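Results of the structural survey
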Amino acid sequence: MAAGYLDILRARHAARLLAGTLVGRLPNGTAHIAIVLFTRAEGGSYTLAGALAAVYGLATAVGQPLLGRAVDLYGQPRVQLPASVLSALGMALLALAGLGSLRLAYGAVIVAGVFTPPLEGGLRALWPTVLGREDRVHRAYAMDAVAQEVMFTVGPLLVTVLVALRSPAAALLVINGLGVLGALSVVLSEPSRTWRSAPREAHWLGALRSPGLLALLGSFFFIGLALGSITVAGVAYADDHGRQAVYGLLMAALGLGALIGGSVYGARQWAGAPERRLRVLVALLAVGYLPLMLTPGVAAMTALAALAGVFLAPAIACSFIVVDRHAPRGTVTEAFSWLVTTFGVGAAAGTAVAGPAVERGGTAWSFAVAGAGGVAALLVLLATGRVLAAPGRTAVSAQGSENDRNGAVQPGFSSGHQA
C-alpha cells in the first residue's frame, strides 16, 4: 500500500498538486464546522447555525458545476484562483461583521459558497496527465480519498485549536487564508497551467446528460445529508456533555475511520464492476451510521464515530471511478464538480433538518437523520442498478487529449467506458 502511494507521489508534480489541493480545500472541508461554531459563539441558535451552513452548502452546490464548466472551457488558472480569493473574502466578511445583520451574514456565506473553487474536480482531471497509466490513476483516486480524510481529520482539530487559541472568527480568517495559498500553489504548477479539456459535444445539460451519473449523484446526495446532519448532531452531543472539545474529537474520529478504511481499500486492485462494489460499500456505510443514534458515553461514541467513517473513503474512491465511466467526453471537471455539488446540497439539507431535530427531539433524533440518509443512499443505488450497469459509449481518445479518463495518457490507457 505505502509503496504504491509513494510511487504516485514520486511522479513529477504529484505531491505538489495533492498538497495544494488539500490545503486549498480546507475552507470548504471545514466550513460547516466553522460556521456552526462561529454562530454559536455569537449567540445564535442551532437553527440559525444550521440555516447558515445550509445556505453555504446550497451556494456551493450552485457554484461548483458552473465553475467546473468554466474550467473545462477556459482552463484552471483563469477560474480557480479568482474564485478562491472571492470565496475567502466572503468568509472574511462573515468573520468581521458577525451576526449583527443577518442579511449581511447570509450574503457573506452565499459569496463564499458560490465561489468555492472546484479544486477537487480539477485535481482528478490532472491525474491522467501527471501519472499516465490507468492503474496509477485509479490508485491515485484511492490515495486522493485517503488524503481527503486526512484533511477531514486534521481540519476539525485545526478549527477547534484556532477557536481555543483565539476565536471562531480567527479560525474562519486563517482557514480561508490558507485556502487561497493552496489554490495559488496548484494553478502555478505546470500541469494546471497547460491542461486543456478534450473537445466536448455542445449540450446545455453538459455532464448531466448521463443517466448513470445522475443515478450516482442521487445516491451521494443522501450520503452528504448524513454527513451534514452529523455536523450539527456532533455539536449537540458535545453540548450535552459540557465540553466543546468533544465535538472536534468526534469529527476527527469520523475522519480517522475513513482514513483507515481508505488506506485498506487502496492497498489492492479490485476486480469486477465498480458499480456493484459501490453498492456493497454504501450498504456497509449505512449500517455504520445507525448505531450513532444510541449516543452512549464519550469513549464509546468516539469509537462508534470511527466505525461510522470506515467505509466513507472507499465509497468515495469507488465513486470517482464510476464518474469516470459515466461522464460524457469533455466534461471531466464539471462531472466531478457535480459530485461535490450533491455533497453540498445533501450536507445543506442534513444541517437544515438536524438543527430542528435537536431542538424538538434531542441529540438522538439528529443522529437518526444520518442513519436515514445512509439507508436512502443505498436504496437509490439499488433502484438504479440497470442504469449504472451500462456506462455510455465513448471512443478511446488519442494521446494528447486531456479530459481525465480521456486525458493525456500513455497509449493503451482506455477511456474507461465499456465498448
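Heads up: these notes are all about the structure in this document. (Residues numbered from 1 in each chain as written. Predicted model: local features only at pLDDT ≥ 70, side-chain atom pairs only at ≥ 80, totals over all residues. Heavy atoms only, no water.)

**A look at the overall build of the protein**
Going by this rule: By definition, any uninterrupted DSSP run of H or I lasting at least four residues is a helix, any uninterrupted run of E lasting at least two residues is a strand, and each is numbered from the N terminus. Classification of residues uses two cut-offs on accessible area relative to the type maximum, computed with a 1.4 Å probe and protein chains only: under 20% is buried, over 50% is exposed, and between them is partly exposed. Using a 1.4 Å probe, the Shrake-Rupley method yields the accessible areas, and only the shown protein chains count as cover for residues.
Looking only at helices and strands, the protein has 18 helices and 0 strands in total. Per-residue burial over the protein gives 60% buried out of 419 residues. When the accessible area of the protein is evaluated, it comes to approximately 15,400 Å², of which 67% is carbon and sulfur surface.

**Examining helix 11 (residues 211-240)**
Worth spelling out the cut-off: Multiply 1.5 Å by the residue count of a helix minus one, and that product is the helix's expected span.
Taking 1.5 Å of rise per residue, the 30 residues of helix 11 would be expected to cover 44 Å, and the 44 Å separating its terminal C-alpha atoms lies within 8% of that figure. Within helix 11, 23 of the 30 residues are buried, which leaves the element mostly enclosed by the surrounding structure. G242 occupies a position one or two residues after helix 11 and carries a positive phi of about 70°.

**A short note on the environment of A317**
This is how it is decided: We call two residues contacting when some pair of their heavy atoms lies within 4.5 Å.
Here A317 is to be found in helix 15 (residues 312-326). Distance from A317 to P274, taken between C-alpha atoms, is 10.0 Å for residues 43 residues apart in sequence. In contact with A317, other than residues within four places in its own chain, are Y141, A142, A145 and Y265.

**Overview of helix 5 (residues 77-97)**
For helix 5, built from 21 residues, the straight-helix expectation of 30 Å at 1.5 Å per residue is met to within 8% by its first-to-last C-alpha distance of 30 Å. By the burial criterion, the buried members of helix 5 are V79, Q80, A83, S84, S87, A88, G90, M91, A92, L94 and A95. On its buried face, helix 5 is in contact with helix 3 (26-41), helix 4 (46-74), helix 6 (102-114), helix 7 (119-131) and helix 9 (168-187).

**Digging into the packing of aromatic side chains**
To keep it simple, the criterion reads: Each Phe, Tyr or Trp ring (for Trp, its six-membered ring) is paired with any other whose centre lies within 6.5 Å, and the angle between the two planes then decides the class: stacked below 30 degrees, edge-to-face above 60, tilted in between.
Evaluated as defined, the whole model comprises 5 aromatic pairs. When the centroid spacing of 6.1 Å and the interplanar angle of 80° are considered together, the rings of F320 and F336 count as edge-to-face. With F320 in helix 15 and F336 in helix 16 (residues 332-361), this pair connects stretches of sequence that are 16 residues apart. The two residues F320 and F336 agree in class, both being buried.

**Thoughts on unusual backbone geometry**
Positive phi is not limited to glycine here, since H13 has a value of about 80°. With respect to the helices and strands, H13 occurs in the loop between helix 1 (2-9) and helix 2 (14-24).

**Quick notes on the packing of helix 16 against helix 17 (residues 363-383)**
To keep things clear, this is the line we draw: The convention used is that axes are lines fitted to C-alpha atoms, helices contributing only their stretch in contact, and that angles between N-to-C directions extend from 0 to 180 degrees. The handedness criterion is simple: a crossing whose near helix is rotated anticlockwise from the far helix by less than a right angle is left-handed, and one whose near helix is rotated clockwise is right-handed. Amino acids are sorted into nonpolar (Ala, Val, Leu, Ile, Met, Phe, Trp, Tyr, Cys and Pro), charged (Asp, Glu, Lys and Arg) and polar (every other residue, Gly among them).
Close contact between helix 16 and helix 17 brings their axes to 6 Å; oriented N to C, the two are set at 150°. As helix 16 packs across helix 17, the resulting crossing turns out to be right-handed. Residue-level contacts link V353, A354, A357, V358 and G361 of helix 16 to T363, W365, S366 and V369 of helix 17. In terms of residue class, the contact of helix 16 with helix 17 is built from 6 nonpolar, 3 polar and no charged.

**Notes on the nonpolar core**
Threshold: Take the buried residues of types Ala, Val, Leu, Ile, Met, Phe, Trp, Tyr and Cys, join any two whose side-chain atoms come within 4.5 Å, and each joined set is a nonpolar core.
The biggest cluster of nonpolar side chains holds 119 residues, and the ones touching the most others in it are L94, W127, I223, L278 and Y289. For this core, the element with the highest residue contribution is helix 11, accounting for 15 residues. In this structure W127 touches A14, L18, G132, V137, A140, Y141, M143 and D144, once residues within four positions along its chain are discounted.

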